[in-house]
Amino acid sequence: MTTTAAAQPDLADVHPATAAKRPFWKNLGFQVVVSMVLGIIVGLVWPDFAASLKILGDIFLRLIKTAVAPLVFLTVAVGIVAAGDVKRVGKVGLIAMVYFEILSTIALALGLVFGNLVGVGKNMGHVVAPEAATKAAEAAAKAAASSHITFDQFLLNVFPDNFIGAFARGELLQVLVIAIIFGFGLMALKPEKRIPIENGLNTISTAFFEFIHIIMSLAPIGTFGAVAYAVGSNGTVVLFSLAYFVLTFYVLVIIFIVVVLGAVCALFRINLFHLLRYIRDEIFIMLGTASSESVLPRLLEKLPAYGASKQTVGLVLPTGYAFNLDGTSLFMSMGVIFLANAYGVPLSWEQELGILAIMLLTSKGAATVSGGSFVVFAATVTASGILPVEGLALIFGVYRFLSIALSTCNVIGNAVATVVVAKLADEFDETALDRSV
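What counts and how
Residues numbered from 1 in each chain as written. Predicted model: local features only at pLDDT ≥ 70, side-chain atom pairs only at ≥ 80, totals over all residues. Heavy atoms only, no water. Helix = DSSP H or I, 4+ residues; strand = E, 2+ residues; numbered from the N terminus. Contact = heavy atoms within 4.5 Å. Areas by Shrake-Rupley, 256 points an atom, 1.4 Å probe, with all protein chains shown as cover. Expected span 1.5 Å × (residues − 1). Buried < 20%, exposed > 50% of the residue type's maximum accessible area, 1.4 Å probe, protein only. Phe/Tyr/Trp six-rings, centres within 6.5 Å; stacked < 30°, edge-to-face > 60°. Lys NZ or Arg CZ within 6 Å of the ring centre and 35° of its normal. Patch = residues over 30% accessible without salt bridge, like charges linked within 9 Å, V, L, I, M, F, W, Y side chains within 5 Å. Salt bridge = Lys/Arg side-chain N within 4 Å of Asp/Glu carboxyl O. Axes fitted to C-alpha atoms, helices over the stretch in contact; angles between N-to-C directions. Parallel < 35°, antiparallel > 145°, perpendicular 65-115°, else oblique. Nonpolar A, V, L, I, M, F, W, Y, C, P; charged D, E, K, R; others polar. Core = buried A, V, L, I, M, F, W, Y, C linked by side-chain atoms within 4.5 Å. Polar contact = N/O pair within 3.5 Å; in protein donor to acceptor, adjacent residues only side chain to side chain.

A. Geometry of the overall build of the protein. Within the protein one finds 22 helices and zero strands. Considering only contacts in the protein between residues 6 or more positions apart, those separated by 24 or more positions represent 84%. Only carbon and sulfur atoms are counted for the fraction: they give 69% of the accessible area of the protein, which is about 18300 Å².

B. Representation of helix α16 (residues 310-323) in the model. The terminal C-alpha atoms of α16, which comprises 14 residues, lie 20 Å apart, in line with the 20 Å expected from a rise of 1.5 Å per residue. The element α16 is largely enclosed, with a buried count of eleven among its 14 residues. All buried positions along α16 are accounted for by T312, V313, L315, V316, L317, P318, T319, G320, Y321, A322 and F323.

C. Broad picture of the packing of aromatic side chains. Under the defined criterion, the tally for this structure stands at six aromatic pairs. Judged by centre distance (6.3 Å) and plane angle (70 degrees), the ring pair of Y99 and F100 falls under edge-to-face. In this pair, the class of Y99 matches that of F100, namely buried. Note on F245 and F338: the rings are 4.6 Å apart at their centroids and 15 degrees apart in plane angle, and the pair reads as stacked. With F245 in helix α12 (residues 237-267) and F338 in helix α17 (residues 326-342), this residue pair connects regions lying 93 residues apart in the sequence. Of the two residues, F245 and F338, neither departs from the other in class, the shared state being buried. Three or more aromatic residues joined by ring pairs form one cluster here, namely F249, F331 and F377. It is K302 that lies over the ring of Y278; its NZ or CZ is 5.0 Å from the centre. K423 extends its terminal NZ or CZ atom over the ring of F428, reaching a point 5.2 Å from the ring centre.

D. Just unusual backbone geometry, in detail. Even without being glycine, R269 reaches a positive phi, approximately 55 degrees. Residue R269 is classed as exposed on the basis of its relative accessible area, which comes to 75%. Backbone geometry places D426, a non-glycine residue, at a positive phi of 55 degrees. Examined against the element boundaries, D426 turns out to sit in the loop between α21 (399-424) and α22 (430-436). On the basis of relative accessible area, D426 is assigned to the exposed category, the value being 66%.

E. Spotlight on a nonpolar patch on the surface. Together, W25, F30, V34, V37, L38, I41, L44, V45, W46 and F49 make up a nonpolar patch on the protein surface, roughly 960 Å² of accessible area in all. Counting residues per element, the nonpolar patch draws most heavily on helix α2 (residues 28-45), which supplies seven residues. On the secondary structure map, V37 appears in helix α2.

F. Spotlight on the packing of α12 against α21. Packing of α12 against α21 brings their axes to within 10 Å, and their N-to-C directions diverge by 5 degrees. Overall, the two elements α12 and α21 adopt an arrangement that is roughly parallel. Together, F245, V246, F249, Y250, V253, F256, I257, L261, V264 and C265 of α12 and F401, L402, I404, A405, L406, C409, I412, G413, V416 and V420 of α21 make up the contact between the two elements. Partitioned by chemical class, the residues of the contact of α12 with α21 number 19 nonpolar, one polar and no charged.

G. Broad picture of the nonpolar core. Ranked by size, the top nonpolar core spans 104 residues in total, and within it Y99, F249, F331, F377 and V416 carry the most contacts. Ranked by residues supplied to this core, first place goes to α21 with 14 residues. Among all residues touching F331, those that are not within four sequence positions of it are F249, S373, F374, F377, I395, Y399, L402 and L406. Grouped together as the second largest cluster of nonpolar side chains are twelve residues, V78, V81, A166 and M187 included.

H. Examining the packing of α17 against α21 more closely. Close contact between α17 and α21 brings their axes to 6 Å; oriented N to C, the two are set at 140 degrees. Considered as vectors, α17 and α21 are oriented oblique to each other. Between α17, through D326, G327, T328, L330 and F331, and α21, the contact on the second element is made entirely by Y399, L402, L406, C409, N410 and G413. Class assignment for the residues of the contact of α17 with α21 results in six nonpolar, four polar and one charged.

I. Quick peek at the environment of Y244. Relative to the assigned elements, Y244 resides in helix α12. Using a relative accessible area of 30% as the deciding quantity, one classes Y244 as partly exposed. For Y244 and V118, which are 126 residues apart along the polypeptide, the C-alpha to C-alpha distance reads 9.6 Å. In terms of polar contacts, Y244 uses its side chain to reach the backbone carbonyl oxygen of V118, at 2.8 Å.

J. Fine view of the pattern of salt bridges. Per the stated rule, a full pass over the model turns up two salt bridges. Between R194 and E198 there is a salt bridge; the shortest N-O distance is 4.0 Å. You can see R194 and its partner E198 sitting in helix α10 (residues 191-217), four residues apart, about one turn around the helix. Accessibility classification places R194 together with E198 in one group, the buried group. Between E282 and K302 there is a salt bridge, and its shortest N-O distance comes to 3.2 Å. With E282 in helix α14 (residues 280-289) and K302 in helix α15 (residues 296-306), the pair connects residues that are 20 residues apart, well separated along the chain.

Right under this line is the structure:
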């Protein structure tokens, strides 16, 4: 099994290994927070001038969109190959993939339900970026008008008729189909033929990560323009709404860990709180770096000592970094509701289910992208054709705070998944667990 696509650092700390050696003011997360504060000040003090700064956020979003299609293709295709040969991984791999899909679906559904219940984004009063809201409403109306198309037509439109055309047109669903088929095609090759191609894709992925690093270095400028424009146009209502979004997201993450993961642990006779104490050092590292990669080597070493077989840990944990992203799923689904409410875009339950289906695909491999949760969320918003992409810059302003919670949830979810799969596959040593107590 390969682990080359297991994880790349998230947006908050692009190079966590070197971040501690640099002055704090060179940290991207710090720069984004400062730019957000400056944007708020400019928006409140000089609202007319702030309105002209929207172009800065728009430029940043355009650059993000240029990377979405190729990044989704590379991360999904390589992520599938990283899962290993299905015949070789056998029972452990099958159990892991089924578990990942079930938990991802629960997380996505919970985020949609919770976002609707707490009304995240509604207190913005549909006043953010009026022209953007108009465009979003028009898109929603267009989508509603075309909803009479037959299932055969919809299904046909999902599949591309041109490999390059899907990328050129920005058809994310078609890109996903290409990536999935291409990934399984690579898995079918003999190792001597597959490995050079896989290495080549990983090299291209590395180049795209650097491409994204450059774009992300412009994030403070884009955040400054987007926040200044939003505050200048709408006042403090935007600030309260974003703060409410962050706080309710943290509540959602806690609910998921305690209730959902707690129920899973209880079902398989695992003491969740003991497991959390066992990996508490890794949790503290996550809270400080918001980078799931920073704790992967430590978990690969610690979980076998907890009781899961080394072979199971080596298969499930890296694969989970691409396919089992509970925190990312919660963020994506709650972010969808935030954008819909903030821009006054009504979503029917059919449309929400459709977006959930898109997220089930786009969320796979998010951790392998630098700033993956945000970039793949942007891909979901783009693929929906309904939600306003202009709102992405606004969410990006608070992404640093959101990424701490979602990355921590991802790691905890994968630690639980590894132990559960080990138990289901009879690859768990209870005596090792007793020694770790």
